[in-house]
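# Chain and residue survey
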Amino acid sequence: MPPAQNGIFELEYPQSLGVYDQYADAQKTVDFLSDHDFPVQNVLIVGTELKQVERVTGRLTWAKVLSAGAASGAWLGLLIGAILSIFAEPGSVIGTILGGIAFGIVFGLISGAFGYAATRGQRDFSSVQKVVATKYEVLVEHKFLADGTALLAEMPGNPAQNPFA
């Protein structure tokens, strides 16, 4: 019987088959198990030791903030203008779309300016962030631990750090 949707990321009494520095190594391990008819539906790969990485992409200036606000506002205005043009008179469709773009630009300029002014120079840069794992642990249900350990002992070049060694 397949696991319930809310329990798909849960195992009954999970045990560790190994810890890997790279996700590709953990994935290769599960692929090896699968190739040897191991019941891989009882396996989880869990990213552990999480860290947040922020990549600074550039310096923010008033010109960049206002131009980005105007651009995003123009897109929003185009969308709203296009939707409103469905209900407009046939001769005023273009005017409705252009009016939506104009209002969108004004809205984007104002919202961008307020947002940037609120930081008061404490964050004068743009960046992107993501959370990454530094270790990947392959877990298996307790009843399959011995079989998994025996199979992985045969795996050539297995880079796992066994937590029980």
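Bear in mind that the values here come from a model prediction, so they are computed numbers and not experimental data. (Residues numbered from 1 in each chain as written. Predicted model: local features only at pLDDT ≥ 70, side-chain atom pairs only at ≥ 80, totals over all residues. Heavy atoms only, no water.)

## Examining the packing of helix α1 (residues 23–35) against helix α4 (residues 145–153)
At a minimum axis distance of 10 Å, the contact between α1 and α4 shows a crossing angle of 105 degrees. Overall, the two elements α1 and α4 adopt an arrangement that is roughly perpendicular. Touching Thr29, Phe32 and Leu33 of α1 are Gly148, Leu151 and Leu152, all from α4. The residue makeup of the contact of α1 with α4, split by class, is four nonpolar, two polar and no charged. (Axes fitted to C-alpha atoms, helices over the stretch in contact; angles between N-to-C directions. Helix = DSSP H or I, 4+ residues; strand = E, 2+ residues; numbered from the N terminus. Parallel < 35°, antiparallel > 145°, perpendicular 65-115°, else oblique. Contact = heavy atoms within 4.5 Å. Nonpolar A, V, L, I, M, F, W, Y, C, P; charged D, E, K, R; others polar.)

## Brief notes about the UniProt feature "domain: General stress protein 17M-like" (unreviewed entry) in the protein
Here the UniProt feature "domain: General stress protein 17M-like" (unreviewed entry) sits at residues 16–101. Helix makes up 53% of residues 16–101 and strand 26%, whereas the separation of the span's terminal C-alpha atoms amounts to 56 Å. (UniProt positions renumbered as here; feature names shortened; annotations may be inferred.)

## Brief notes about the UniProt feature "transmembrane region" (unreviewed entry) in the protein
As annotated by UniProt and renumbered to match this structure, "transmembrane region" (unreviewed entry) occupies residues 65–87 and 93–117. With 91% helix and 0% strand, residues 65–87 has its two end C-alpha atoms placed 34 Å apart. Summarising residues 93–117: 100% helix, 0% strand, and an end-to-end C-alpha distance of 36 Å.

## Quick look at the pattern of salt bridges
In total, this model carries three salt bridges according to the counting rule given. Between Glu54 and Arg123 there is a salt bridge; the shortest N-O distance is 2.6 Å. Taken together, the residues span a long stretch of sequence, with Glu54 in strand β2 (residues 43–59) and Arg123 in the loop between α3 (93–119) and β3 (125–141) at a distance of 69 residues. Taking the relative accessible area as the measure of exposure, Arg123 reaches 34% and is therefore partly exposed. Its salt-bridge partner being Glu141, residue Lys143 comes within 3.6 Å of it at the nearest N-O pair. Relative accessible area serves as the criterion here: at 52%, Lys143 is assigned to the exposed category. The exposure class assigned to Glu141 is buried, which follows from its relative accessible area of 11%. (Salt bridge = Lys/Arg side-chain N within 4 Å of Asp/Glu carboxyl O. Buried < 20%, exposed > 50% of the residue type's maximum accessible area, 1.4 Å probe, protein only.)

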